[in-house]
Amino acid sequence: METKTIVKQKTGMYENVMKQFNHAADVMGLNEGIRKILSATNNEIVVHFPVKLDNGKIEVFTGYRVQHNNALGPYKGGLRFHPTVDIDAARALAIWMTWKSALAGLPYGGGKGGIQIDPKNYSQAELERITRRFTYALGDNIGPDLDIPAPDVNTNSQIMAWIADTYVSTKSPANRHNNLHVVTGKPVGSGGLEGRDRATGFGVVATIKAWAQLKNKNLKGKKFIVQGFGNVGYWAAHFMAKEGAILIGVQDASGTMINNNGIDPEALNDYCQKNKGAIAGFPNVELIEAETFFGIDCDIIIPAALGNQITLKNANDIKAELIAEGANGPTDVAAEAILLEKGINIIPDILCNSGGVTGSYYEWLQNKRSENWKIEDVLILLEDKITVAFNKTLKTAEQYKTDWRTSAYIVALQRLEQTYIERGVFP
Ligand code: NAD
């Protein structure tokens, strides 16, 4: 039997999210008991499961699902297939989901998980078997009213379709179609929502538009860079280009490129589709050192890849006036202090990328009601909801005289605090 050991660095995201939480709890004076409840995760599921590879050998994989809190509704959050997935990363990402759902006013709690693999090492058939066996191993720990996964790094609508199919196939046939909303981000033909594919990137740009309006700025001609050119990065670039902004730099796992005259997001996306999702080799760009990326002379930075990318190593180099956090946890606490000191605005992840979970919520509702929603309606609803959360965050920042991340946390924590105070703690 073969096992694969993945050598990886600790990401530090858990320490980051807890520092952010404790700071916001101090600023707002969060009830002590509720602070204790929210400091812990409710459930942490680790599964080891075997899968037969194409060469006939068996490999054992490790999967995680952390369920942080469900005071407001079922656990909700993505599944990530990446070598950095471990219990700490799943905890941090699950905790962020609780704040994100609460801030967006959704009837959800927070969960997150994934498998510690590099999907590039597996064929499509192997990935299907890994996904299905992981879903089977999670068993009744997920469910449409219990815990609802969604796409994240290296997981897409195809993977969500396999999860939905495995889940419903292992339940009674009588309930088959009542269970499709066990997962969101499915392909449209399998109960997915039109517009869910672009919901996160669309939401990122909706927050940037709200910021521009607040600052009396025009996005036309603004230069921006994007780290990560997957689901979130591409769609954010697409909607920024629609506003007349110019994409001048892109970084992904395969390379770092710049062109001050502009990079066409559509041409780059077409290229990536034919190049296993990688930007490397795209023509008419200059290649630069990876470490210099965030220091590119531009107006707006959209991190849309992994956590802890903006750190003490590069915060001082940043020249942009705005960082719009498409990714979860891209800026660490130490770097944020420097950026705020420099007067750089940060639209925090739990607000900036909440279009994803909001789109997922509409898909879940669509499935529960056996309806088919239209993309135009979805995008209007999304923009409205995200603008409400943006305005609440601004108002709370003024009230508490604090930064936007802390105020976004306060809005979320106030909602959770109120729920616990009203309902009490069982028994
Ligand atoms: P994706 O798998 O579609 O794309 C990830 C991108 O990041 C790829 O372009 C990849 O090459 C790049 N990347 C990976 N490692 C990198 C590295 N070391 N340096 C630079 N780039 C690197 O994933 P996604 O769904 O677009 O998610 C991106 C981020 O957005 C994640 O932080 C995720 O948690 C967050 N997010 C996603 C959604 C969603 O709906 N998909 C919603 C909210 C937040």
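Residues numbered from 1 in each chain as written. Predicted model: local features only at pLDDT ≥ 70, side-chain atom pairs only at ≥ 80, totals over all residues. Heavy atoms only, no water.

1. Comments concerning the state of the cysteines
To keep things clear, this is the line we draw: Criterion for a disulfide: a pair of cysteine sulfur atoms at a distance within 2.5 Å. Buried residues are those whose accessible area, probed at 1.4 Å on protein chains only, stays under 20% of the maximum for their type, while exposed residues exceed 50% and partly exposed ones sit between those limits.
Scanning all chains against the criterion turns up zero disulfides. You can see Cys 272 has no disulfide; the closest cysteine sulfur is in Cys 298, sitting 19 Å from it. Take Cys 272: its relative accessible area is 3%, and that puts it in the buried class. Cys 352 carries a free sulfur, and the closest cysteine sulfur to it, the one in Cys 298, is 15 Å from it.

2. Some words on the pattern of salt bridges
Charged atoms that come close allow side chains of opposite charge to pair. What counts, and what does not: Salt bridges are counted wherever a side-chain nitrogen of Lys or Arg sits within 4 Å of a carboxyl oxygen of Asp or Glu. Labels follow the DSSP assignment, with helices taken as runs of H or I lasting at least four residues and strands as runs of E lasting at least two, numbered in each case from the N terminus.
Overall, the coordinates contain 22 salt bridges when judged by the stated rule. Residue Asp 147 is joined to Arg 65 by a salt bridge in which the shortest nitrogen-to-oxygen separation is 2.6 Å. A residue pair is termed long-range when its members are at least 10 positions apart, and Asp 147 in strand 5 (residues 147-151) and Arg 65 in strand 2 (residues 58-69) qualify at 82 residues. Accessibility classification places Asp 147 together with Arg 65 in one group, the buried group.

3. Notes on the side chain of Asp 403
The condition is simple: In summary, the charge assignment counts Lys and Arg as positive and Asp and Glu as negative, without counting His or the chain termini. Whenever a nitrogen or oxygen atom comes within 3.5 Å of another N or O atom, the pair is scored as a polar contact, on the condition that within protein one atom can donate a hydrogen and the other can accept it, and that pairs from neighbouring residues in sequence are kept only if both atoms are in side chains. Any two residues whose heavy atoms approach within 4.5 Å are treated as being in contact.
Residue placement: Asp 403 occurs in the loop between helix 12 (375-400) and helix 13 (404-423). Nearest to the buried, unbridged Asp 403 among oppositely charged side chains is Arg 405, at 5.5 Å. Engagement of the side chain of Asp 403 in a polar contact is seen with the backbone nitrogen of Arg 405, the distance being 3.1 Å. A polar atom in the side chain of Asp 403 sits 2.7 Å from the side chain of Thr 406. Setting aside residues no more than four positions away along its own chain, Asp 403 makes contact with His 23, Glu 336, Leu 340 and Ala 397.

4. Notes on the sheet that holds strand 4 (residues 110-115)
Basically, it comes down to this: For two strands to be treated as a pair, DSSP must find at least two bridges joining them. An axis is simply a line fitted to the C-alpha atoms; with a helix, the fit covers only the stretch in contact. Between two such axes, the angle follows the N-to-C directions and lies from 0 to 180 degrees.
In spatial order, the strands read 1-2-4-3-5; together these five strands make up an open sheet with mixed pairing. Bordering the open sheet on either side are strand 1 (43-52) and strand 5, each of which pairs with just one other strand. The sheet shows a mean angle of 20° between the axes of neighbouring strands, taken without regard to direction. Sheet analysis places strand 3 (residues 75-81) next to strand 4, joined by three bridges and oriented parallel. The residue of strand 4 that forms the bridge with Leu 79 is Gly 113.

5. Looking at the nonpolar core
Worth spelling out the cut-off: Side-chain atoms within 4.5 Å link the members of a nonpolar core, which is a set of buried Ala, Val, Leu, Ile, Met, Phe, Trp, Tyr and Cys residues. Start and end positions for the domains come from either an automated domain assignment or a database one.
Trp 99, Ile 208, Trp 211, Ile 302, Ile 347 and Leu 413 are the most contacted members of the largest nonpolar core, which totals 86 residues. When we break this core down by domain, the ones giving at least three residues each are domain 1 (41-191) and domain 2 (199-352). Look past the residues within four positions of Ile 347 in its chain and what remains in contact with it is Thr 207, Ile 208, Trp 211, Leu 322, Ile 323, Ala 324, Glu 325, Cys 352, Phe 390 and Trp 404. Ranked by size, the runner-up nonpolar core spans 24 residues in total, among them Ile 45, Leu 127, Phe 134 and Ile 163.

6. Here we look at the domain arrangement of the protein chain
Defined as follows: Buried area counts how much accessible surface, traced with a 1.4 Å probe, disappears from two parts once they are put together, with both parts' losses summed. The classification used treats Ala, Val, Leu, Ile, Met, Phe, Trp, Tyr, Cys and Pro as nonpolar, Asp, Glu, Lys and Arg as charged, and all other residues, Gly among them, as polar.
According to the domain assignment, the protein chain consists of domain 1 (41-191) and domain 2 (199-352). Spacing between the C-alpha centres of domain 1 and domain 2 amounts to 27 Å. Contact with domain 1, which involves ten residues of that partner, is made by seven residues of domain 2. When the area that domain 1 buries against domain 2 is broken down by residue, the three leading residues are Trp 96, Lys 100 and Leu 103, summing to 58%. The interface formed by domain 1 and domain 2 contains one residue pair in polar contact (both at pLDDT 80 or more). Looking at which element gives the most residues to the side of domain 1 that touches domain 2, the answer is helix 3 (residues 87-103), with five residues. Split by residue class, the side of domain 1 that touches domain 2 holds five nonpolar, one polar and four charged.

7. Some words on the pairing of strand 7 (residues 246-252)
With respect to burial, strand 7 is a largely interior element, six of its seven residues being buried. In terms of strand pairing, strand 6 (residues 223-227) meets strand 7 through five bridges, oriented parallel. Residue pairing across strands places Phe 224 opposite Leu 247, the latter belonging to strand 7. Two elements, strand 7 and strand 8 (residues 255-258), share four bridges in a ladder whose sense is antiparallel. Residue pairing for strand 8: Val 250 is matched across the bridge by Met 257. Here strand 7 folds back onto strand 8, and the loop between the two strands holds two residues.

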